[in-house]
Structures are given as C-alpha cells and as structure tokens.
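Chains, contacts and geometry: an overview
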Amino acid sequence: MRVTFFLAGAEGHLNVLRSLDPDRDWRRFQQGEGAWILQTYLRLARERYPVELAWKPPEEGIVVFHAKEARRLGWRLRGTENLILVGVRGDNREPLMADFEIVQNGRFANDRKRFFIPHWPQPGLLPRDRDRGARIERVAYKGFDANLHPDFRKPAWADFLAEHGMVWVTDSVRFAGPSTDEAALAWPDFRTIDLIVAVRPRERKMRTSKPATKLVNAWIAGVPALLGPEYQFREIRRSDLDYIEVSSAEEAKVAVRRLLADPDLYLEMVENGRMRAAEFSAEAILSRWTELLYQTIPALARRRSLLRRMPLPVRVAARRVGRWATLRPAR
C-alpha cells in the first residue's frame, strides 16, 4: 500500500528536503513536523521502503500527517474514500480527522486506533567519552528555556555545582524555529557531558502527552539523568538505575552528592543505560514504524467500518462525540 508523508510547507523544495540526512542536518528536525514527518520519511526512504513526501495528498493509500497540519491537509482533500489518514499527535490536540493516530507515549494508546511509537532519538548524537569514567564535571540541560524548572535558572544552582567542582551547561534556546541563537545549540553533543538534568516547571497535574526523549537520549549517550516526575519517564522505568527522579533543585543537590560519593553507582547507571538504549535506537523505532504502516494499519483498514465510509465532517463530529462520551482528554 502506498504511504505518503504530508508536509504542507514542502511545495517548491521537495527535492531539497528529500536530500537531507537526519544525522547530518539535525537542526532541521527540531520542530514537530520535521521530527515526526520529515525525519520518518527520510529514514524509511533510506532503507528503500515505498514512501513518498508530498505537499498535497494522493488519491489513495496511507497519508501520515502531523496534527499541527490537520487543517491544511483537510483543505487539500478532495475525497477520503480511498485514503487512510494517520495522524501524529505530538504535543497537540487529538486530530479527529485521523482514522488512526500515533501518540508519543502509551497513556492513551489502545493498539486499535491509537498506537504508541517512541519519538526518534536525537539525530547525530555523539555519546559521552568513556575515558571520562565516573567523574562529574559538566552538568547540562538540553532543551527549550521554558521547559526548565525556575530553580535551575537561579544562581544558587550554578553556585552549588561550582562549589563541588562542576560547571552548569545550559544548551537551550527560547523556541524551536528560525532564530539567530539556534547556531549556539549543541543538542547532539554529549561528549563532555557527565550528568543530564531535565525538570519541568511545576504544574497542577502531571503531563501525560510528552515523549521520553530526554531519558532515551541520556541512555544512548551514556550519561545518567536527573528527571522530573513525569508520566513518560515512569512508564518506561524498569529499575532505580534508569534515572533518578527529582522535583526541585534541592532534591537534585541530594542526588548529585549521592553520585559524587558513589562512583560505582554512577558507572552502574551508565551501563544500565547502554542496555536500555537498544529498545529505543533509531533501528528499533524504524522497525516499529514499518510494522505499523505496512502490516498493522493495512490489516485493520481492511475491516472497513461504517464510520470510515462517511464524509470527513461527519467522521470528525462522531469522533468528537466519542471523545466527550469517554471523557478522554484531547491531548
């Protein structure tokens, strides 16, 4: 079955996009559409799977789109009778036009309509230098400024690290998009990073829509992580060696002192991470994509439901009612 990846802004430069290499051109994959749609297309195309990249939908087959572009896809649709719409939710609301949906963690996956596929790990990732052993000298946050707990932006946190012979590295920008400060990012480079911190600002409820990318990247890089109390991390946790959960800078200080005092624990976390990383490597995720697109969804789509034969507006309305009836969050 034909599989098309829809990218609304690709008109006029499809050939340029098709020539990109995720591990070389990693800056092009910071936003959702690039990370989920363009990168997935490129990795499948590299392995010679039958995929297309297009700015307008085909007349038949599977169309994979990002929820942010659902409206623009809808404008271009001339009919959906021969199409199977697969929406990637990302950090957005549920794309009700989708026949099937891909979510970033397993919170709302049911393996019938909604499927969990992990986010791709950081493209072009450079692991920590193993010769650094168990020493902790450089502690880093890699991400967007707004996603870091304010405790870690205060001088007291950097001062604490300095008192213990460590440097605080903030490898972050305000937002993923065209800006002059993107050139300063070094997200793939973990070669001299000894510890990762990723704790979000406090919220009334735990986030349940995010991917566990920061933990997976830390495992692949061979760097222990101090992470906030979030669903996606807890979901894939198997032991205390996977990461140390902290909610504030004070709790992070306790964890840092613990690792400084116990080099064996540090090395055990590094080795455990290397073993866990195999489950979330680019190769493992590619396998999940191919199974979903070429086996699972075609098999389910053959059992053509009454709803999928209805006009798109009717389907969207019916799915909205279904979401309300089940009290399922839109994110």
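In what follows, the structure referred to is the one given above.
Here's a quick rundown of the structure. Quick caveat: nothing in here was measured; it's all calculated off a predicted structure.

**Focus on the overall build of the protein chain**
In terms of regular secondary structure, the protein chain is built from ten helices and eleven strands. Put simply, 69% of the contacts in the protein chain that link residues at least 6 apart link residues at least 24 apart.

**Digging into the environment of A156**
Structurally, A156 can be placed in helix α4 (residues 155–163). A sequence separation of 93 residues divides A156 from A249, and the C-alpha atoms of the two residues are 9.1 Å apart.

**A few points about the pairing of strand β9 (residues 195–198)**
Residues of β9 alternate between two faces, with L195 and V197 on one and I196 and A198 on the opposite face, all of them buried. Alignment of strand β7 (residues 138–144) against β9, held across two bridges, turns out to be parallel. Each residue of the ladder has a partner; that of V139, found in β9, is L195. Examined bridge by bridge, β9 and strand β10 (residues 225–227) share three bridges and lie parallel to one another. For V197, the partnering residue across the bridge sits in β10 and is L226.

**Focus: helix α8 (residues 263–277)**
Over its 15 residues, α8 extends 21 Å from the first C-alpha to the last, a length consistent with the 21 Å expected when each residue adds 1.5 Å. Along α8, the residues that are buried comprise L265, Y266, M269, V270, N272, G273, R276 and A277. Buried residues in α8 make contact with α5 (213–221), β10, α6 (231–236), β11 (244–245) and α7 (249–261).

**A closer look at α4**
Burial in α4 covers these residues: W157, F160 and L161. Angular distribution of buried residues about the axis of α4 spans 95°; they occupy a single face of the element. Along α4, the residues that are exposed and aim more than 90 degrees away from the buried face are P155, A162 and E163. Buried residues belonging to α4 abut β7, β8 (167–173), β9 and α7. Among the residues trailing α4, G165 stands out with phi positive, at a value near 75°.

**A word on the sheet that holds strand β6 (residues 114–116)**
Sheet architecture is open: six strands sit in the order β2-β1-β3-β4-β5-β6, paired in parallel fashion. Lying at the two open borders of the sheet, with one neighbouring strand each, are β2 (51–54) and β6. Here the strands of the sheet are splayed against their neighbours by 25° on average, with no regard to which way each runs. Taken together, the three bridges between strand β1 (residues 3–6) and strand β3 (residues 61–66) define a ladder with parallel strand orientation. Note that in β3 the partner of V3 across the bridge is I62.

**Some details on the packing of α4 against α7**
The N-to-C vectors of α4 and α7 enclose an angle of 10°; their axes lie 11 Å apart at closest approach. Here α4 is positioned roughly parallel relative to α7, judged by the angle of their axes. From α4, A156, W157 and F160 reach across to α7, where they touch A249, A252, K253, V256 and R257. Looking at the contact of α4 with α7 residue by residue, the class counts come to six nonpolar, no polar and two charged.

**A closer look at unusual backbone geometry**
The backbone phi angle of R48 is positive, close to 65°, even though this residue is not glycine. Note that R48 resides in the loop between α2 (32–46) and β2. Despite not being glycine, D111 has its phi angle at roughly 60°, a positive value. One can find D111 in the loop between β5 (100–103) and β6. Given a relative accessible area of 58%, D111 falls into the exposed group.

**Observations regarding the side chain of K210**
In this fold, K210 is placed in the loop between β9 and α5. A polar contact is formed between the side chain of K210 and the side chain of D91, at a distance of 3.0 Å. Setting aside residues no more than four positions away along its own chain, K210 makes contact with D91, Q104, N105, R200, E230 and Q232.

**A closer look at the sheet that holds β9**
Judged by pairing direction, the sheet is parallel, and its five strands sit side by side in the order β8-β7-β9-β10-β11 without closing on themselves. Edge positions in the open sheet fall to β8 and β11, since each of these has one partner strand only. Along the sheet, α5 contacts β7, β9 and β10; its crossing angle with β7, the most-contacted strand, is approximately 140°.

**Thoughts on the packing of aromatic side chains**
On inspection of all chains with the given rule, the structure shows twelve aromatic pairs. Seen in terms of ring centroids, F144 and W187 are 5.2 Å apart; in terms of plane orientation they differ by 65°. Their pairing is edge-to-face. In this pair, F144 sits in strand β7 while W187 sits in the loop between β8 and β9, placing the two residues 43 residues apart along the sequence. Judged by relative accessible area, W187 falls into the buried class, the value being 10%. An aromatic cluster of at least three residues, connected via ring pairs, comprises F5, W36, Y41 and W289. Taking NZ or CZ as reference, R43 lies 5.3 Å from the ring centre of W120, over its face. Its guanidinium or amino end placed over the ring of F116, R288 lies 5.2 Å from that ring's centre, counting from NZ or CZ.

Criteria and cut-off values
- All residue numbers refer to positions counted from 1 along the written sequence of the respective chain.
- The predicted origin of the model limits local features to residues at a pLDDT of at least 70 and limits the giving and counting of side-chain atom pairs to 80 or more, whereas totals for whole chains, interfaces and linings rest on all residues.
- The basis for every side-chain value is the complete set of heavy atoms in the structure, and neither hydrogens nor water enter the calculation.
- Strands here are runs of E lasting at least two residues and helices are runs of H or I lasting at least four, both read from the DSSP assignment and numbered beginning at the N terminus.
- Whether two residues touch is decided by their heavy atoms; if any such pair falls within 4.5 Å, the residues are in contact.
- Each residue is assigned to one of three classes by its accessible area relative to the maximum for its type, calculated with a 1.4 Å probe on protein chains only: buried under 20%, partly exposed between the two thresholds, exposed over 50%.
- Strands were regarded as paired on the criterion that DSSP finds at least two bridges between them.
- Helix span, as expected, comes to 1.5 Å for every residue beyond the first.
- Working note: the arc is built from the helix axis to C-beta atom directions.
- Axis definition: a line fitted to C-alpha atoms, over the contacting stretch in the case of helices. Angles run 0 to 180 degrees between N-to-C directions.
- Here is the rule for angles: anything less than 35 degrees is roughly parallel, anything more than 145 is roughly antiparallel, 65 through 115 is roughly perpendicular, and the remaining ranges are oblique.
- All residues other than Ala, Val, Leu, Ile, Met, Phe, Trp, Tyr, Cys, Pro, Asp, Glu, Lys and Arg, Gly among them, are scored as polar; the first ten of these are nonpolar and the last four charged.
- We define a polar contact as two N or O atoms separated by no more than 3.5 Å, with the added condition that, inside protein, one atom must be a possible hydrogen donor and the other a possible acceptor, whereas residues neighbouring each other in sequence contribute only through side-chain atom pairs.
- Here a Phe, Tyr or Trp ring, Trp counted by its six-membered ring, pairs with any other such ring whose centre lies within 6.5 Å, and the pair is stacked when the planes are under 30 degrees apart, edge-to-face when over 60, and tilted otherwise.
- We count a charge as sitting over a ring when the NZ of a lysine or the CZ of an arginine lies within 6 Å of the ring centre and within 35 degrees of the ring normal.

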